[in-house]
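Structure at a glance
Below are the chains, spelled out letter by letter.
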Amino acid sequence: MDYLRICRDLGQGAAGIQARLLALALLDTRSGAASRPGRYWLSDPDSPFGPRPNYKTTFQPCHSVAGRFGGLFAALILAVSGAVQAANINASSPSFAAVSTAVGAAKNGDTVVVPAGTASWTKTLVINKPITLIGQTTVDYTTNEMANNQTIILDDVSRSVFPPAPIIHVMVTAGDMTVEPTVPLVQIKGFTFRGSTNTPRGAPNSAVMLSGTCPAVRISNCHFDSLYQSSIYTFGWIYGVMDNCLHTLTHNNLTGVMGMATYNGQQYGDGSWMEAANWGSYKFFFTENNVVHNLVKTSGNMDAKRGARYVVRYSKLYDCSFIQTHGTEGDRDRGCRAIEFYNNICNRSNGGPGSPGGLRSGNLLFHDNKYTGVPLGNPWVSAWAVRMGTAFQPWKLADGANPWDQNDPRGLYASGTAATASVVDSETKGSTSFYVNGNLRAYNTGGYSIQNTRTGLGGIIHSAIYKSSTNKTLIACDYSIAWPTSKVVFNVGDPFQICRVLRVLDQTGLGKGTLCSTPKPLNGAVNEGSYAWNNTQPNGPKVTIHSGAPVNPTFVEGRDYFNSAPPFAYKPYTYPHPLISGVPPPTDLRVVP
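Residues numbered from 1 in each chain as written. Predicted model: local features only at pLDDT ≥ 70, side-chain atom pairs only at ≥ 80, totals over all residues. Heavy atoms only, no water.

Right, let's get into the overall build of the protein. Counting secondary structure elements, the protein contains 5 helices and 43 strands. The contacts of the protein with a sequence gap of at least 6 include a subset with a gap of at least 24, amounting to 75%. If you sum the accessible surface of the protein, you get close to 23400 Å²; carbon and sulfur atoms cover 55% of it. (Helix = DSSP H or I, 4+ residues; strand = E, 2+ residues; numbered from the N terminus. Contact = heavy atoms within 4.5 Å. Areas by Shrake-Rupley, 256 points an atom, 1.4 Å probe, with all protein chains shown as cover.)

In structure tokens, the structure reads:
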């Protein structure tokens with residue numbers, strides 16, 4: 001039986017039809033994955049903004065092939081009828097009142113147009129439906145790397161009310177995460193976000209925060225100018241792209257903070273760590289054709305946590321080390337999962353950061369980047385497992401006896417008590433030292449860890465120097481003023497134990513594992529290496545991946561990281577990102593008897 005045939009030229013409604021096809025018709029092709037009766041779309045239960053309302057799905061499940069196709073074509077009919085009603089809504093001014101009123105009046109698929117002008121916003125604009133928000137600012141990425149600032153929003157958003165800090169918070173659940181996106185469902189385009197003389201200092205999030213669940217978000221032609229917070233923060237489960245944006249950093253903050261906390265219906269980024277990296281796919285948040293001018297020459301990085309997957313490509317980055325991740329360490333959240341960083345131009349001036357960045361978890365494909373200007377002092381991305389020196393909760397110290405990690409099967413190597421109180425290195429404050437009785441010089445090298453079993457604090461042994469005249473060994477181990485649980489202290493008589501950890505949970509070199517529940521070594525993760533190739537600087541060595549200086553003992557070249565192209569088939573994802581150009585809209589659509 002013929003359900004549908006395309007019949008009629010729909011003319012100017014075609015682009016809207018296409019967008020609704022993705023938002024509606026493709027929404028339920030999973031046939032029950034998230035649309036069974038009584039099921040709800042993902043919420044953000046651990047968002048820094050707290051719980052928000054769940055969203056019911058639009059369609060009921062289809063229980064047969066015919067039902068699926070019937071449902072799909074029915075969705076097409078609905079999309080066609082709805083698309084011709086998609087509207088442009090003009091805000092009367094760039095004021096918060098005018099824009100929020102226009103956004104409130106918009107329906108799914110509508111476009112809100114904001115005129116040129118300058119306005120101070122003291123509240124967060126919340127967008128909770130798939131719409132397009134367009135201002136008049138444009139960015140010239142290719143020639144002068146400047147913005148034509150037309151629609152200027154001054155960041156005077158209160159830091160003392162809920163939700164704190166974002167200028168715009170997108171909280172949208174729409175689309176099918178299993179279908180490669182071709183048309184944006186949510187767009188923010190053409191705004192200058194600027195710090196002002198009244199800007200409250202310190203912000204926990206960003207100018208634009210993206211949460212919810214959506215495969216097709218685009219942020220473009222925006223100028224993030226002299227803000228006191230990062231430009232963008234992705235939190236829920238968001239795929240998409242930030243393109244042709246200019247970031248002018250005049251304060252010590254980040255370009256962005258990436259996360260995928262609710263990936264695949266889990267929390268804390270667990271879902272992202274239960275899946276392969278999917279290199280070269282759409283399953284990342286992309287930043288491309290951006291310019292970052294870091295005028296303060298510190299920070300400016302793209303930080304990441306909560307199972308983040310992000311790509312940085314074809315961008316111009318000035319005085320940014322840029323690659324930065326948080327690991328599975330300071331709270332229940334998991335660390336960054338996967339990064340692709342390629343075809344960027346990274347320029348360093350005098351005083352700029354001397355390293356391309358570091359990995360505290362997750363893996364990296366790092367290739368075809370050009371480092372220009374002053375040569376890097378440390379021309380490598382360094383791998384680091386922070387828990388080897390810091391007893392973060394709930395994961396605790398990676399001391400060679402922690403069940404989350406892979407430990408030396410020998411177990412306990414040595415134990416005893418401190419003969420003297422520990423003394424912190426007065427210059428670097430990176431180590432502390434104390435004497436123990438007996439000859440422990442066997443632990444001078446080899447990546448052994450020492451722990452004060454009274455306090456639970458400890459770290460890697462830097463050196464163990466035996467003095468036969470007193471039959472004592474001077475032990476030096478990790479100490480850091482960064483966190484209270486890394487300030488390792490030994491009093492006279494404090495008990496210690498020496499063990500050795502071989503690999504740390506979610507460190508670089510580990511990939512897909514199981515859901516975190518009962519502690520087990522490395523959470524069952526498989527090996528998954530990081531790769532670096534063809535990263536150059538004109539007056540120095542190639543830029544690589546390294547286990548750090550001093551060497552971090554749980555990272556092994558040839559197992560965890562490789563300074564060569566990967567042995568598996570890898571092709572970078574389509575460039576430009578499909579959400580930038582979009583697929584051609586359908587034409588000559590007809591319904592015939």
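Let us keep going from here.
Summarising the element assignment, Gln267 is placed in the loop between strand S17 (256–258) and helix H4 (270–273). A relative accessible area of 33% places Gln267 in the partly exposed class. The sequence separation of Gln267 and Gly307 amounts to 40 residues, and the corresponding C-alpha distance is 9.6 Å. (Buried < 20%, exposed > 50% of the residue type's maximum accessible area, 1.4 Å probe, protein only.)

Before going further, it helps to spend a moment on the confidence of the model for the protein. Averaged over every residue, the pLDDT of the protein is 85; the share at 70 or more is 83%. With pLDDT under 50 throughout, residues 1–84 is counted as low confidence; its partners more than four residues away or in other chains account for 154 contacts. Counting interchain partners and residues more than four positions distant, the pLDDT-below-50 stretch residues 583–593 has 29 contacts. (pLDDT = per-residue confidence, 0-100.)

What follows covers the sheet that holds strand S34 (residues 449–452). Read from one edge to the other, the open sheet built from 7 strands follows the order S31-S37-S34-S35-S36-S33-S32, with strand pairing classed as antiparallel. Only two strands of the sheet have a single partner each, and these edge strands are strand S31 (414–417) and strand S32 (423–424). Pairing between S31 and strand S37 (residues 495–499): 4 bridges, direction antiparallel. Counterpart to Thr417 in the pairing with S37 is Pro495. (Pairing = 2+ DSSP bridges.)

Another aspect to go through is the nonpolar core. Core analysis: the largest hydrophobic core is formed by 96 residues, its most contacted members being Leu133, Ile168, Phe193, Ile219, Phe224, Phe341 and Phe366. Examining the composition of this core, we find that 7 residues originate from one element, strand S12 (residues 206–220), more than from any other. Those residues within four positions of Phe366 in sequence are excluded, and the remaining contacts are Ile323, Phe341, Pro356, Tyr371, Val381, Tyr531, Ala532, Trp533, Asn535, Val543, Thr544 and Ile545. (Core = buried A, V, L, I, M, F, W, Y, C linked by side-chain atoms within 4.5 Å.)

Let's shift gears to unusual backbone geometry. With omega at 5°, the peptide bond leading from Gln393 into Pro394 counts as cis. Looking at the element boundaries, Pro394 is found in the loop between strand S29 (380–383) and strand S30 (406–407). Here the bond from Tyr575 into Pro576 is cis, since omega is -10°, no more than 30 degrees from zero. Relative to the helices and strands, Pro576 resides in the loop between strand S43 (561–562) and helix H5 (578–581). At Asn244, a position not held by glycine, the phi torsion is positive, near 50°.

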